Amino acid sequence: MKRPILIHPDPRLKKACDPVADLSDELRALAEDMLETMYDAPGIGLAAPQVGYMNRLIVMDCAKDDGEPARPMVLFNPEIVAASDEKNVYEEGCLSIPDQFADVTRPSAVDVRWLGLDGEEHAQTFDGLWATCVQHEIDHLNGKLFIDYLGPMKRQMITRRMQKLKRELARG
Ligand code: NI
């Protein structure tokens, strides 16, 4: 089932999320719904607060742009345990900030640990677009958006555009 995606500004997008204690059927269903919502958007990553759930859960699939087979990933309680000194710049966007893009500098590789859908602990090094995506999504779990990396002028300009968009959407 597709879920509606919250649009910035929204207080739920600015809050830190709670760790997942155990993998309930409800959380597994939420993860499936988030993947469906992400693919439909279309996007390469989605975090639970973007659909109004304040749990530490992200989904992503950065494979599809290369014509590779889909590689859906579900990460509960993802944690960055190490980051490279080397940085990378990507033009980022966000499903909660539609049609707005800006360059963001982040570590080019990160080691991440998380709990999988199988209930097991996983660990992996991400690089390239995957590294950018996983950092962007984990930021969401800490109430941080990619526009928080930009200067105040640019951030305000994008926020005003989103306020206007939300007024238009509310009018129908
Ligand atoms: Ni985002």
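Report follows, based on the coordinates. (Residues numbered from 1 in each chain as written. Predicted model: local features only at pLDDT ≥ 70, side-chain atom pairs only at ≥ 80, totals over all residues. Heavy atoms only, no water.)

At 3.6 residues per turn, the α-helix brings residues three or four places apart onto the same side. With 16 residues, helix α1 (residues 25-40) should cover 22 Å at 1.5 Å per step; its first-to-last C-alpha distance of 23 Å lies within 8% of that length. Within α1, burial applies to Leu27, Leu30, Ala31, Asp33, Met34, Leu35, Thr37 and Met38. (Helix = DSSP H or I, 4+ residues; strand = E, 2+ residues; numbered from the N terminus. Expected span 1.5 Å × (residues − 1). Buried < 20%, exposed > 50% of the residue type's maximum accessible area, 1.4 Å probe, protein only.)

Attention now moves to the nonpolar core. Counting 18 residues, the largest nonpolar core has Met60, Leu75, Val112, Phe126 and Val134 as the members making the most contacts within it. Mapped by element, the contributors of at least two residues to this core are β2 (57-60), β3 (73-83), β6 (109-115) and α2 (128-141). No other element matches α2, which puts six residues into this core. What Val134 contacts, discounting residues up to four positions off in sequence, is Ile58, Met60, Leu75, Val110, Val112 and Phe126. Core analysis: the next-biggest nonpolar cluster, separate from the first, contains 15 residues, Val20, Ala31, Met34 and Phe76 among them. (Core = buried A, V, L, I, M, F, W, Y, C linked by side-chain atoms within 4.5 Å. Contact = heavy atoms within 4.5 Å.)

Bringing the pairing of β2 into the picture now. Moving residue by residue along a regular strand, the side chains alternate between the two faces of the sheet. Along β2, one buried face is formed by Leu57 and Val59 and the opposite face, lined by Ile58 and Met60, is buried too. Examined bridge by bridge, strand β1 (residues 45-47) and β2 share three bridges and lie antiparallel to one another. What sits directly across from Gly45, in β2, is Met60. Both β2 and β3 contribute to a ladder of four bridges, which runs antiparallel. Along β3, the bridge assignment pairs Leu57 with Phe76. (Pairing = 2+ DSSP bridges.)

Reading across the sheet, the five strands line up as β1-β2-β3-β6-β7 and stay open at both edges, with antiparallel pairing between neighbours. Both outer strands of the open sheet, β1 and β7 (121-127), are each paired with one neighbouring strand and no more. Going from strand to strand, the sheet's axes swing by 40 degrees on average, the running direction of each strand aside. Sheet topology places β6 next to β7; seven bridges connect them, and they run antiparallel. Looking at the pairing, Ala109 lines up with Asp127 of β7. Where α1 meets the sheet, it contacts β1, β2 and β3, and its direction lies at approximately 40 degrees from that of β2. Packing against the sheet, α2 makes contact with β1, β2, β3, β6 and β7, and its axis sits at approximately 155 degrees to β2. (Axes fitted to C-alpha atoms, helices over the stretch in contact; angles between N-to-C directions.)

Geometric values such as these leave the question of function open.
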